[in-house]
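Read off the chains here:
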Amino acid sequence: MMEQYIRFPESLHELKTIADGFHQLCGMPGVVGAVDGTHSACPAPTSEHRSLFIDSLVLQAVCDSKLK
């Protein structure tokens, strides 16, 4: 799945097109992609079923300038 969504541009033309898109969209020249992440707490209930819940989530996102 990673190869489908995360890859480096294969030609100079594709590299320039993506970089131009980021520059136009975000005002950041020379950028061809972005990775961001966050850590979110998920407080579990205080009942006896507490062990069935996840205490936190780690989320990551990858994007390029073609996303709207």
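Conventions adopted
Residues numbered from 1 in each chain as written. Predicted model: local features only at pLDDT ≥ 70, side-chain atom pairs only at ≥ 80, totals over all residues. Heavy atoms only, no water. Helix = DSSP H or I, 4+ residues; strand = E, 2+ residues; numbered from the N terminus. Buried < 20%, exposed > 50% of the residue type's maximum accessible area, 1.4 Å probe, protein only. Contact = heavy atoms within 4.5 Å. Patch = residues over 30% accessible without salt bridge, like charges linked within 9 Å, V, L, I, M, F, W, Y side chains within 5 Å. Areas by Shrake-Rupley, 256 points an atom, 1.4 Å probe, with all protein chains shown as cover. Salt bridge = Lys/Arg side-chain N within 4 Å of Asp/Glu carboxyl O. Expected span 1.5 Å × (residues − 1). Arc of directions from axis to C-beta.

By the naming in an unreviewed UniProt entry, the protein is DDE Tnp4 domain-containing protein, taken from Dreissena polymorpha.

Caption draft 1: The overall build of the protein, seen in detail. Helix and strand content of the protein: two helices and two strands. Along the chain direction, N to C, the helices and strands of the protein fall in the order α-α-β-β. Taking all 68 residues of the protein together, the buried fraction comes to 12%. Considering only residue pairs separated by 6 or more positions, the protein has 33% of its internal contacts joining residues 24 or more positions apart.

Caption draft 2: Molecular detail of a nonpolar patch on the surface. Together, M2, Y5 and I6 line one region of the surface with nonpolar side chains, adding up to about 360 Å² of accessible area. Structurally, I6 is set in the loop between α1 (2-5) and α2 (12-26).

Caption draft 3: Geometry of the pattern of salt bridges. Here the structure, examined in full by the defined rule, presents one salt bridge. In this structure, the salt-bridge partner of K16 is D20, at a minimum N-O distance of 2.9 Å. Residue K16 and its partner D20 are located together in helix α2, separated by four residues, close to a single helical turn. K16 gets classed as exposed once you look at its relative accessible area, which sits at 51%. Take D20: its relative accessible area is 39%, and that puts it in the partly exposed class.

Caption draft 4: The arrangement of α2 in detail. Here α2 is 15 residues long and its end C-alpha atoms lie 21 Å apart, about the 21 Å a rise of 1.5 Å per residue gives. Among the residues of α2, those classed as buried are E14, I18, A19, G21 and F22. Projected onto a plane normal to the axis of α2, the buried residues spread over an arc of 155° and lie on a single side. Seen from the open side of α2, the exposed residues pointing more than 90 degrees away from its buried face are L12, H13, K16 and Q24. Downstream of α2 by one or two residues, G27 has phi in the positive range, about 75°.

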